[in-house]
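# Report on the structure
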Amino acid sequence: MRVLTCFLILFYCLPVLSKSPLQEKYPHGLLTDDYGVLNEADLLYEINSAKATPYKIEEHQPAYQRWQCFETKKVLFKYPTWRDDYSDFGRGATLCDYSFEVNDDAGVHHLYVARRAKEVVDCRALFREWKKLRKDSEYTCILGEPGSYENKEKGWIWGKTKTKNGCISYFVGECDSEKKLKEYEKEK
């Protein structure tokens, strides 16, 4: 009975103690398991685009974006709206400020925020893309630039979100990491 108990404890704890191959290779670029959502090009492109060298990234290097993956059911997309009658040379617009929010298993609230406010039609379009992306996806990976950490809340500037269904990003074309990595290599 004692041997069986030890075996069961080891069986259930081993996945927690081991890291995925990508997390092992890029510990500062991938902070969690990738659950098969990311590939090496996703991590290499972010490292190279930050003009950093793999394996020599400082843990708290601010310009270096980091991936984290969470259970999709824990990821919440929000976009509060407000009316701005003074924007765009007096035309006025309904604006929004979107974010991806998630609480991790350690009780930290991660807040991935937009770089700037957008018109509400853009937030609605992004929300529709998010709904397609999360459908039937067990895990979601989010890329962000690290920001503040206070009172168990970690702030990030959102870069992109990826599931096995695809990817959405702030900058156009950023989801094709393999293509962007090849372009970067040609520029060197």
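Going along each chain's sequence as written, the residues are numbered from 1 onward. It should be noted that, the model being predicted, local features are given only for residues of pLDDT at least 70 and side-chain atom pairs only at 80 or more, the latter also being counted only at that level, while totals for whole chains, interfaces and linings use all residues. Note that water and hydrogens are dropped before the side-chain values are worked out from all heavy atoms of the structure.

### Quick word on the sheet that holds strand 7 (residues 118-119)
With antiparallel pairing, 3 strands are arranged side by side in an open sheet as 3-4-7. A single partner strand is all that each edge strand has here, and the edge strands are strand 3 (81-84) and strand 7. Any two strands with at least two DSSP bridges between them are considered paired. Under the DSSP-based scheme used, a helix requires at least four consecutive residues in state H or I and a strand at least two consecutive residues in state E, with every element numbered from the N terminus.

### Some words on the nonpolar core
Side-chain atoms within 4.5 Å link the members of a nonpolar core, which is a set of buried Ala, Val, Leu, Ile, Met, Phe, Trp, Tyr and Cys residues. For the exposure calls, accessible area comes from a 1.4 Å probe over protein chains only, and a residue counts as buried if that area is under 20% of its type's maximum, exposed if over 50%, partly exposed in between. Among the nonpolar cores identified, the biggest contains 18 residues, and Tyr98, Phe100 and Trp158 are the most heavily contacted of them. Taken together, the elements giving at least two residues each to this core come down to strand 5 (99-103), helix 4 (120-134) and strand 9 (153-163). Of the residues forming this core, the biggest block, 4 residues, is contributed by helix 4. With sequence-adjacent residues up to four places away left out, Phe100 is seen in contact with Val75, Leu76, Phe77, His110, Leu111, Tyr112, Trp130, Ile142, Trp158, Thr161 and Ile168. The criterion used for residue contact is that any of the two residues' heavy atoms lie within 4.5 Å.

### Concerning the state of the cysteines
Note on terminology: disulfide denotes any pair of cysteine sulfur atoms within 2.5 Å. One pass over the structure, following the stated rule, counts 3 disulfides. Through a disulfide, Cys69 is tied to Cys141; the S-S separation comes to 2.0 Å. Taking the sign of the torsion about the S-S bond as the criterion, the disulfide between Cys69 and Cys141, at about 105 degrees, is right-handed. Of the two residues, Cys69 is situated in strand 1 (residues 66-71) and Cys141 in strand 8 (residues 139-150); the sequence distance between them amounts to 72 residues. Neither residue differs from the other here; Cys69 and Cys141 are each classed as buried. Covalent S-S linkage joins Cys167 and Cys175, the inter-sulfur distance amounting to 2.1 Å. Around the S-S axis, the bridge from Cys167 to Cys175 shows a dihedral of about -70 degrees and counts as left-handed. Assessed through its relative accessible area of 22%, Cys167 is described here as partly exposed. According to the relative accessible area criterion, Cys175 is partly exposed, its value standing at 26%. Shown here for the protein chain is a disulfide pattern of 1-4, 2-3, 5-6, where each number marks a bonded cysteine counted in sequence order.

### Some words on helix 5 (residues 177-187)
Listed in full, the buried residues belonging to helix 5 are Ser177, Leu181 and Tyr184. Take helix 5 and look down its axis: the buried residues cluster within an arc of 60 degrees, on one side only. Relative to its buried face, helix 5 has exposed residues pointing more than 90 degrees away, namely Lys182 and Lys186. The arc in question is the one traced by the directions running from the helix axis out to the C-beta atoms.

### Structural notes on the pattern of salt bridges
One side chain can pair with another of opposite charge once the charged atoms of both are near each other. The rule for a salt bridge is simple: a side-chain nitrogen of Lys or Arg has to be within 4 Å of a carboxyl oxygen of Asp or Glu. Per the counting criterion, the structure on display carries 9 salt bridges. Salt-bridge contacts for Lys74 lead to Glu71; the nearest nitrogen and oxygen are separated by 3.5 Å. Exposure remark for Glu71: the relative accessible area of 27% places this residue in the partly exposed category. For Asp105, the salt bridge identified is with Lys74, shortest N-O distance 2.7 Å. Linking Asp105 in the loop between strand 5 and strand 6 (109-113) with Lys74 in the loop between strand 1 and strand 2 (76-78), this pair joins segments that are 31 residues apart in sequence. Exposure remark for Asp105: the relative accessible area of 73% places this residue in the exposed category. Classification of Lys74 by relative accessible area gives partly exposed; the value is 33%. Put simply, Glu71, Lys73, Lys74 and Asp105 are held in one network by salt bridges that share partners.

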